[in-house]
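Examination of the molecular architecture
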Amino acid sequence: MTATQDRAAGEAQKEIGRDRRRKEDQRLITGRTRWTDNITLPGMLHLAMVRSPFAHATITSIDVEAAKSSRNVVAVLTGTDLADTQGVIINAWPISPEQVSPTHLPMPADRVSFAGEIVAVVVARTPAEARDAAELVDVEYDVLPAALDLKEAATDAVLAHPDLGTNRSATWQFDSAQAGTGGDVEETIAKARDGGIVIEREYRQQRLIPAFMEPRSTVVDPTGEQLTMWSATQIPHVLRFALAATTGVSESKIRVIAPDVGGGFGGKLQTTPEEFITFAVARRLGKPIKYTETRSESFLACHHGRDQWQKITLAAEADGTVTGLKVELLTDLGSYNALLGGGTPVLGAFMFNAIYKFKAYQFNVQTVLTNKTWTDAYRGAGRPEATFAIERTMDELAAELGVDPLEIREKNWIRHDEFPFTSVCGLTYDSGNYEAATARAKEMLGYDALRAEQQRRREAGDRVQLGIGVSTFTEMCGLAPSRVLGSLDYGAGGWEHASVRMLATGKVELVTGASAHGQGHETVFSQIVADRLGVPFEDVEVLHGDTQVAHKGMDTYGSRSLVVGGEAVVRAAEKVIEKAKPIAAHLLEANVDDLEFAAGRFGVRGTDQGMTIQEVALATFAAHDYPEGIEPYIDAESTYDPVDFNYPHGTHLCAMEVDTETGAVKMRKYTCCDDIGNVMNPLIVAGQVHGGVTQGIAQALWEEAVYDDNGTLVSGSFVDYLLPTSADTISYDTDHTTSPSTTNSLGAKGVGEAGTIASTPAVVNAVVDAVRHLGVNDIQMPCTPERVWRAIHAHDGDAPTPADAMPHFEADALNQDPTDGAGQ
Amino acid sequence: MIPVQFDYLAPTSVEEALAALGEHGDDAKIMAGGQSLLPVLRMRLNAPEVVIDLGGISSLRGIRDDGDALVIGAMTTHHDVRDDSLVKEHALLLSKAAAEVADSQIRHRGTFGGALAHADPAGDLGAPALALGAQFVIAGPGGTRTVEAADFFVDLFETAIGDDEILVEVRIPKHTGWGAHYEKFVRVAHQWPIVAIAATVKGSIDEARVGLTNMGSTPLRATATEQALAGASATEDGVREAAQLAAEGTNPPSDLNGAADYRQHLARVLTGRAVLKAAGA
Ligand SMILES: Cc1cc2nc3c(=O)[nH]c(=O)nc-3n(C[C@H](O)[C@H](O)[C@H](O)COP(=O)(O)OP(=O)(O)OC[C@H]3O[C@@H](n4cnc5c(N)ncnc54)[C@H](O)[C@@H]3O)c2cc1C
C-alpha cells in the first residue's frame, strides 16, 4: 500500500517506455523451466517415427514384426492401424473455392508425397529403444516420379498427387481496377511502353527453413478427464480446435498447453502430423506419450518458408514517377496445403505497392503442389516477399534513370502530410513519416561519405568494391480485423482476448490469449497492466498458453500480440477500474462521480481521502461491505477485434563490400530507423530489430533449402544449411522515429517481423550496387560468393550467369501468363 | 539423435588400446576428441559395437622438441597446438591452421591426431601437415612404423592407418623462422573450408611450401607453385604467375558451396594472397 503511495508521489516513472529486463529470461536462458521435452509423466512411453526416404512413392508393404519384438517396444502402428482415429491436418485458408488440395492424413497408409513423411510409429519405453526399433521397420515402396522443380511442376509435367489431375492448387488475384481502388494495370503498362519506362524482372525467393532453437516436442496425457497435450507450438488454441474438429473428441475434453516454447518464427504456427499421431497413440494405448523430434527431422518435416518465383512489371513515366505495378507469383506449397498454405503469399498481396503512390496495381498468385516439404508462414509471411520485390525493382528503376535510389523513392513515396493515406489496394495507412526516418538513417550511415568512397573505388578499379543498399519498407501488421479475414475466406477471426484477475492480496493475474514463444509478452504486458492499474510491475503475473487458463485466444504470429492482444489487455484493465469504482465509492462513502483514478488509487476529488485498487480487491474478496445491486467481483475481460491494421515502416541502409576476385561479400555497416509508433520497451524492441534484421540478412546471404533431383533435402543439417552466428554479423545502428498508430490506444505498431521484412532487399541491393558498373543487375539469393563471382564474370565468356539470375519474360515463360487460371 | 548402443572402453596405455582393438577388430572404433566420430554415431551413419576412448592415455598428449623435429602427440587438442610456443617458433603454419578449426569449444575437444586420422579432405590440418612434410608414427600389433605425409593420405576419409593400428604421434620437421599463413575461405565462420591454402615461406622468398585443402580427395601440395616461388619477390607481381599454377593437378568437388571450376579459381587467387601474407608482405 505504502509502496503504491510512494509510486504515486514519484509518478514520473511510467512502466511503458521503460527498458525493463525481461522477467522471463532467467528461467528461459538457463533452461530450468518447462520446455515440453522436460516434461516427464509416470509411465510415459516414447515415440520414434519411421519416415519415407522417397519424395513420392506407393507404400506396397510394411513389415513391423522385427520392430515389435525389439526390446521394450510396446506397439508399432501404421497408417492402416490408426485409420480414422488420427484426424486430418487442416488448411484454414482455402484461397479460392476451386482450390485443389489433397487430403492430408498425419500418417498416410498408401502413398507418400515428400521425403520425410511418416509411414509408421514405434512406441517404446525409452526414446533410444523406440529409435532402435524404428530402424527395424521394413517398408517396401514403389517409387513414383516426383514433381520437384516449381516451374516444371506448374506445367503438370509430373503430378505430385496423381488423383488430383493437376499440381495447380489455386489462383488468387487482386486487381485495382476491379476493386475500384485504382486504374487498369495493363493499360498503364501499355502506356509506359510508349515513351515511359517499363522495368521487368524476375526474382527468386528461395526456400527457407525456420530453424527455431527448440525442436518440436509433444506430450499427451490421456489419463485424466481431459486429454492433455503439451506442445511446442505457437498456437495452442488453434491446435485444440483442429484436434477436436477432426478426431471427434469433444473440444471440452481436450486441453492444450504450450508451456515455454523456444522460438517459432512461424515454424510453430502449424498443426502437425507429429502432434496428431502422438494424440492418437495416447488415446489408443491409454498411456502418456512423448515425441521429440531430432534436428534432422525438424529440417525434413517442419514446414519451410518462402519459395516463390516473382515476376514483376513496373510502369513509370519517363521522369521516374511510378504508375503501375503487376505482380505474378508462382509459389511452392510443397506436398500439402498447410494451415495457411496459399494464404501466406496472399498476406503479401497488398504490400507490393509498399510506400509508393501507384495508380494501378494487380497481384496474381498461382500456388503449386510439389513433392517437397510443405511450406507456410515464416517470419514476415508474405510481406518479406513483397518488400523484396518492390525494393529491388525500385533500385532497378533508379539505375535505369541513373539517379540515386533514395531520390527515386522520395519522388514516389507518400509524403508525411498525406497521411492517413489510402493505397492503391484500398488500405488506409494510419501514420508515418518516411522523410524523417530516411533522413535519420542517412545521417547514421554517413550516406554521402560512403557514396563518395564508392565512386573513388569504382574509378580506381579497386579489387574490393563498395555498394549501398536501400530498403524503405512498410508492412501491415496486427492480424487482423475479423471481417477482413472473413472477406478473404480465412477460417477464423483475428480478435484477441485478455482477462485481468484481481487477487485478494492485491496481486494481479493477467490472462492473455496471445501465447508467447520468446517475444517477451510477460514483461511488456506486465508493464501495460502496471501503468493502467497503477500496481507495481512485480505484482503482475502473466498467464498464457494453457487452454484451461487462457480459454480464448488466437495466439501469436503476424506481429499481432501487442497491437491486438495488448489492446485487449488495456481494455480489460479499464473495465477493472470501472467495476472497482462503485465499490471504492461505497467504501469511501463518496459519490462515484467524485472519484478520480490515478496511479492506482481512487481519490475523492478535493480531499485527501482515497484507497488503492489493491485495497478494493481485498475488500471485494472479503465482500463484507459492497453496494446493493452489483456483484462482489472486479475481474474483467475483453475480446478485442481490431478495427484496422497498422503500418510500421522504416528506412534500412546497408553498405556491403564485394571482393571482385572471389565474390566474397562483407557487411561494412547497417543502419536502420524504424517507425513502430510508441515503444513499450526499448530493450525488447532492440532485440526484435536486431534479431529480425539478422534473419533477413541470412536470407540474403546464407540460407537456402536445396533438394536434389530425387527430392532429397541436401541441406538437411546445419553443416549445409548455413545460419549466421554473432561471428558472422556486425553490430547494427538502430533508431526510431515515432508516428503513433491511430488504430489502437497504445499507439503501437508491430515490430516482430519488421527487421526481417526490411533487411533482405537492403543487403541484396547493396551487393548489386557494388558491382552494377560491372554489368550486373541481379544476383540470386542467397548471394553466395560463387554466385557473385559468376555474376561479375558473366560477360567474360568463361563463366556464364546461371539462367535463374537473369530476367526472362518470353511469352511462354512460366508464372501465370500461359494459363487461363482465375488469376488472369 | 541417439546413437546405437555400444560398449565403452577407456584404456590407459597404447598397448592396452591396441589389445582392445585386436580383440574387437572391425566392431571397434577409436575415439579421440569425438568431434567427428560422435556426430557420425548420433546420426547413425556408423554403429560400432565398441568405442575405445584414447582420452585416458596421457602419453599421447603433448608437444616436445626432438632435435630437428617437433613431436606432437595424437591426443593434443587443436587449442593446445594453436597456443604452443614450440609450434609457434618451429611450425607457425600449424598454429595458424589450428586457430581456424571450427570454434573454441570444438578446439578444446578435437585433437590433432583425430583430425588427421579422420582425413576429411575439408579438414584444416591435413594440408599444413603435408606442406610441412610431417611424418606419422603409427603403432600396431607388430610395433611402430613411420609413414611420410605423401603416403599417409590415401583417399577421402582414408589413411595409411590399418584397422588394427593407432596413430600415436606426428613428427613435424622444424621450419624455424618461416613465415606462415592459413587462408581459409568460408561463407560463415565455424565452417569447414570451401577451399583453404596453407602457405609457409622462408625469407621473402627463398623457399615456399604450399598445401591445398579441399581441392581433391586428399590434401594436396601445389608443387608447381612451390617451384615457381623459389627466388620470387614477395610482391603481388612477383607471386602472380606462381599462384596461377596452384590449381594444377587438382580435382576439387562440386557442391552447394561451389563448383569445381570456381574452387580452382579460388585456389589461384587465394594462393597468391596466402603466400604474400606468409611472407609478411
Ligand atoms: C561443428 C563442427 C565443426 C567443425 N569444423 C571443423 C573445421 O572447420 N575444420 C576442421 O578441420 N575440422 C572441423 N571439425 C572437426 C574437428 O576438427 C574434429 O576435432 C576432428 O576432425 C576430429 O578430431 P577428434 O579428435 O574429435 O576425432 P574423433 O572424432 O574422435 O575421431 C575421428 C576419426 O578418427 C579416428 N581416430 C581418432 N584418433 C585416432 C588415432 N589416434 N588413431 C587412429 N584413428 C583415430 C576415429 O576412429 C574416427 O574415425 C568440426 C567438427 C564439428 C563438430
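Because the structure is predicted, anything quoted here is derived from the model rather than measured.

**Quick look at the overall build of chain A**
For chain A, the helix and strand inventory stands at 23 helices and 28 strands. Here the C-alpha atoms of chain A give a radius of gyration of 28 Å, agreeing with the 28 Å that 2.2 N^0.38 yields for 824 residues. Residue burial in chain A is summarised as follows: out of 824 residues, 63% are buried. With an accessible surface of roughly 28,500 Å², chain A has 50% of that area assigned to carbon and sulfur atoms. Averaging the positions of the 71 positive and the 114 negative side-chain charges in chain A gives two centres separated by 3 Å.

**Some thoughts on the interface of chain A and chain B**
Between chain A and chain B, the residue contacts involve 31 residues of the former and 25 residues of the latter. Between chain A and chain B, a total of about 2,300 Å² is buried, with carbon and sulfur atoms accounting for 58% of that surface. Of all residues in chain A, A:T662, A:L722 and A:E786 give up the largest surface area on contact with chain B, accounting jointly for 20% of the area buried on that side. At the junction of chain A and chain B, the tally comes to five salt bridges. Put simply, A:R790 and B:D261 hold a salt bridge, and the shortest N to O gap is 2.7 Å. Elements represented by at least two residues in the side of chain A that touches chain B include exactly α5 (127–134) and α23 (785–792) of chain A.

**Quick notes on the nonpolar core**
All names here are of chain A. In terms of nonpolar packing, the biggest core is built from 132 residues, with W172, L314, F352, F363 and Y670 touching the most fellow members. In terms of residues, this core owes the most to one element, helix α22 (residues 754–771), which gives eight residues. Summarising the domain contributions, this core has at least three residues from each of domain 1 (3–33 + 495–640) and domain 2 (416–478 + 647–809). With sequence-adjacent residues up to four places away left out, Y670 is seen in contact with H652, L653, C654, V693, I697, I730, Y732, D733, A758, S759, A762 and V763. The next biggest cluster of nonpolar side chains, apart from the first, holds 41 residues, and it includes V500, V529, I577 and I684.

**What about the sheet that holds strand β19 (residues 496–502) of chain A?**
Residue and element names in this part refer to chain A. Strand order in this open sheet of four strands is β21-β20-β19-β25, and the pairing throughout is mixed. Looking at strand neighbours, the two that pair on one side only are β21 (540–544) and β25 (636–640), the edges of this open sheet. Shown here is a sheet whose adjacent strand axes are inclined to one another by a mean of 15 degrees, direction ignored. Two elements, strand β20 (residues 508–512) and β21, share five bridges in a ladder whose sense is parallel. Each bridged residue has a counterpart across the sheet, and for L510 the counterpart in β21 is V542. Its contacts with the sheet put helix α18 (residues 521–533) on β19, β20 and β21, and the angle it makes with β21 is roughly 130 degrees.

**Let's talk about the site of the ligand**
Residue and element names in this part refer to chain B. Taken together, 28 residues form the shell around the ligand, and within it I30, G34, L37, T111 and D124 come nearest. I30 has a polar backbone atom sitting 2.5 Å from an oxygen atom of the ligand. At a separation of 3.2 Å, an oxygen atom of the ligand approaches a polar backbone atom of Q191. For the shell around the ligand, the secondary-structure elements that each account for two or more residues are β2 (28–31), α7 (112–118) and β10 (166–173). It is α7 that contributes the most residues to the shell around the ligand, four residues altogether. Tallied by class, the residues present in the shell around the ligand amount to 14 nonpolar, eleven polar and three charged.

**A word on the domain arrangement of chain B**
Residue and element names in this part refer to chain B. When the domains of chain B are assigned, the result is domain 1 (7–56), domain 2 (58–173) and domain 3 (179–278). If you average the C-alpha positions of domain 2 and of domain 3, the two centres end up 21 Å apart. The interface of domain 2 with domain 3 comprises 23 residues on the first partner and 23 residues on the second. Where domain 2 abuts domain 3, roughly 1,800 Å² becomes buried across the two surfaces, and 67% of that area is made up of carbon and sulfur atoms. Of all residues in domain 2, L93, P121 and A131 give up the largest surface area on contact with domain 3, accounting jointly for 27% of the area buried on that side. The tally of links from domain 2 across to domain 3 stands at one salt bridge. Ionic pairing is found between K184 and D124, a salt bridge with its closest N-O pair at 2.6 Å. The tally of links between domain 2 and domain 3 comes to six residue pairs in polar contact (both at pLDDT 80 or more). Of all elements in the fold, only α5 (92–99), α8 (126–131) and β8 (153–155) reach the threshold of two or more residues within the side of domain 2 that touches domain 3.

**Remarks on the state of the cysteines**
Residues and elements named next belong to chain A. For the structure shown, the criterion picks out zero disulfides over all chains. Of the cysteine sulfurs around C425, a residue in no disulfide, the closest is that of C477, at 16 Å. C673 carries a free sulfur, and the closest cysteine sulfur to it, the one in C672, is 7.8 Å from it. With a relative accessible area of 0%, C673 lands in the buried category.

**Some words on the UniProt feature "domain: Aldehyde oxidase/xanthine dehydrogenase a/b hammerhead" (unreviewed entry) in chain A**
Per the UniProt entry, the sites bearing "domain: Aldehyde oxidase/xanthine dehydrogenase a/b hammerhead" (unreviewed entry) are residues 30–145 of chain A in this numbering. A helix fraction of 15% and a strand fraction of 30% characterise residues 30–145 of chain A, whose end C-alpha atoms lie 48 Å from each other.

Rules and cut-offs
Residues numbered from 1 in each chain as written. Chains lettered and ligands numbered in written order. Predicted model: local features only at pLDDT ≥ 70, side-chain atom pairs only at ≥ 80, totals over all residues. Heavy atoms only, no water. Helix = DSSP H or I, 4+ residues; strand = E, 2+ residues; numbered from the N terminus. Rg over C-alpha atoms; globule rule 2.2 N^0.38 Å. Buried < 20%, exposed > 50% of the residue type's maximum accessible area, 1.4 Å probe, protein only. Areas by Shrake-Rupley, 256 points an atom, 1.4 Å probe, with all protein chains shown as cover. Lys, Arg positive; Asp, Glu negative; His and termini not counted. Charge placed at Lys NZ, Arg CZ, Asp CG, Glu CD. Contact = heavy atoms within 4.5 Å. Buried area = accessible area lost by both parts, 1.4 Å probe. Salt bridge = Lys/Arg side-chain N within 4 Å of Asp/Glu carboxyl O. Core = buried A, V, L, I, M, F, W, Y, C linked by side-chain atoms within 4.5 Å. Domains from an automatic or database assignment. Pairing = 2+ DSSP bridges. Axes fitted to C-alpha atoms, helices over the stretch in contact; angles between N-to-C directions. Near = heavy atom within 4 Å. Polar contact = N/O pair within 3.5 Å; in protein donor to acceptor, adjacent residues only side chain to side chain. Nonpolar A, V, L, I, M, F, W, Y, C, P; charged D, E, K, R; others polar. Disulfide = S-S within 2.5 Å. UniProt positions renumbered as here; feature names shortened; annotations may be inferred.

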